[in-house]
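Close look at the chain arrangement
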Amino acid sequence: MRLARTEPTDQEPDIRARPPLVREFLLVAGLFLAYKFGRQAANGHVEEAFRNAGSVWDLERALHLPGEGAVQGLLLPSQPLIHAANTYYAAVHFPATALFLIWLYWRRPTHYVRSRRVLAALTGAALVLHLLFPLAPPRMLPAAGLVDTGQVYGPTVYGQTPATDTMANQFAAMPSLHVGWAVMVALGLIAATRSRWRRLWLLHPAITLFVVVGTANHYWLDAIVVVALLAVALAAFRLPLSARTVPARLRGPGARGSGEGAPIPAYAGGGSGTYEGGVRPAISEAPVASGTYAGGAR
């Protein structure tokens, strides 16, 4: 007998679990636009954003978190490395998350539904924090003494005057959705695939964290808060059991891939049968079938 394996299955996707494409496109696009307009509505609040930045900086020092300058110091000696970090910050965030959702939608519909819900909840919670707690990033804080690598070395997605930037709200550092989305992409792909190398997806959030701190776009606390929010969202939207495990298969000489037609020994339980000498053997004397068990345990 082969017990169920707690790994994602590589069988063909269940198309019944796949939501209508047009509806999903409109839903995801609507959520994205709502978030973008919400960030714009949260723009301004310059004085409050700088006060909050000072508080976050002081709190990090009180908690003895490593200085963001130590990470940036690894980038500054190499202009190509700084340029690569700025490019990663500007160009990977949205495309990686979009490709992640598209692949899940096509290949793992059940995982897609859960991941879309988690990302929507996380993004909504982040927008609320952006409204309630505007925060200037460390590249703007004089006390941090950090370089705005995007403006100095390029490329950058932000305007030179944050208070009048019409493309993005530069005072929405808390929490870091760059980190939150990257962690979700990695965890989602690890859960939805079964390759022995799948844990390498964790490099994406690791590189993202290094980049957002090294380019002085986020504080350590921005990443810590978003991971806490993501943990809550993941707990709230759990995968159904059918998407987490492969159904158990009982193999026998009967029907292939199932237990149908497999002979059931009489000693297995209360059925009738013919025994040598007319005496039914005790359970302890019954032969034990060999097999492969999950984890090697019998």
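Structural notes, computed from the coordinates. (Residues numbered from 1 in each chain as written. Predicted model: local features only at pLDDT ≥ 70, side-chain atom pairs only at ≥ 80, totals over all residues. Heavy atoms only, no water.)

Let's talk about the overall build of the chain
When you go through the chain residue by residue, the secondary structure sums to 11 helices and zero strands. Looking at the chain as a whole, 38% of its 298 residues are labelled buried. Summarising the internal contacts of the chain: among those between residues at least 6 apart in sequence, 78% fall at separations of at least 24. (Helix = DSSP H or I, 4+ residues; strand = E, 2+ residues; numbered from the N terminus. Buried < 20%, exposed > 50% of the residue type's maximum accessible area, 1.4 Å probe, protein only. Contact = heavy atoms within 4.5 Å.)

Points about the layout of surface pockets
In this structure, the largest pocket encloses a volume near 650 Å³. As for the largest pocket, its lining consists of 23 residues, of which Val28, Ala29, Phe32, Ala98 and Leu101 are closest to the centre. Those elements giving two or more residues to the lining of the largest pocket turn out to be helix H1 (21-41), helix H5 (93-107) and helix H6 (109-132). Element by element, the count of residues in the lining of the largest pocket is highest for H1, at nine residues. Of the residues contributing to the lining of the largest pocket, the split by class is 18 nonpolar, three polar and two charged. (1 Å grid on protein atoms, 1.4 Å probe; cavity = no way out; pocket = protein on both sides within 12 Å on 5 of 7 lines; lining within 4 Å. Points joined across faces, edges and corners; volume = space filled by probe spheres on them. Nonpolar A, V, L, I, M, F, W, Y, C, P; charged D, E, K, R; others polar.)

Some points on empty space enclosed by the protein
Under the counting rule described, the total for this entry stands at two cavities of 30 Å³ or more. Approximately 80 Å³ is the volume attributed to the largest cavity. Contributing to the lining of the largest cavity are Asn86, Tyr89, Arg139, Asp148, Gly150, Pro155, Thr156, Val157, Tyr158, Thr215 and Asn217. In terms of residue class, the lining of the largest cavity is made up of four nonpolar, five polar and two charged. Empty space within the second largest cavity amounts to approximately 60 Å³. Every residue lining the second largest cavity is listed: Tyr88, Tyr89, His93, Thr97, His178, Trp181, Ala182, His204, Thr208 and Val211. If you list the elements that add at least two residues to the lining of the second largest cavity, you get helix H4 (79-91), H5, helix H8 (177-192) and helix H9 (203-214). Residue composition of the lining of the second largest cavity, grouped by class: five nonpolar, five polar and no charged.

Points about the pattern of salt bridges
Applying the stated criterion across every chain, the model contains five salt bridges. The closest approach of N and O atoms between Arg23 and Glu24, which form a salt bridge, is 3.1 Å. Arg23 sits in the partly exposed class, given a relative accessible area of 47%. Relative accessible area serves as the criterion here: at 3%, Glu24 is assigned to the buried category. As a salt-bridge pair, Glu60 and Arg61 come within 3.3 Å of each other at their nearest N and O atoms. Judged by relative accessible area, which is 0%, Glu60 ranks as buried. In this structure Arg61 comes out as partly exposed when scored by relative accessible area, which is 27%. Look at the salt bridges and you will find they share partners, linking Arg23, Glu24 and Arg116 into a network. (Salt bridge = Lys/Arg side-chain N within 4 Å of Asp/Glu carboxyl O.)

Considerations on the nonpolar core
Grouped together as the largest cluster of nonpolar side chains are 36 residues, with contacts concentrated most on Phe100, Leu177 and Leu230. Of all the secondary structure elements, the ones that give two or more residues to this core are helix H3 (68-75), H4, H5, H6, H8, H9 and helix H10 (220-236). Top element by residues in this core is H8. It accounts for eight residues. Residues contacting Phe100, with those up to four places away along its chain left out, are Ser115, Leu119, Met184, Val185, Gly188 and Leu189. Grouped together as the second largest cluster of nonpolar side chains are 16 residues, Ala49, Leu135, Ala216 and Leu221 included. (Core = buried A, V, L, I, M, F, W, Y, C linked by side-chain atoms within 4.5 Å.)

Concerning unusual backbone geometry
With omega at -10°, the peptide bond leading from Gly154 into Pro155 counts as cis. Note that the residue after Met174, namely Pro175, is joined by a cis bond; omega there is -5°. Phi at His64 takes a positive value of approximately 60°, unusual for a residue other than glycine. Owing to a relative accessible area of 70%, His64 belongs among the exposed residues under this scheme. At Ala216, a position not held by glycine, the phi torsion is positive, near 65°. Mapped onto the fold, Ala216 is located in the loop between H9 and H10.

These results come straight from atomic positions and should not be treated as a statement about function.
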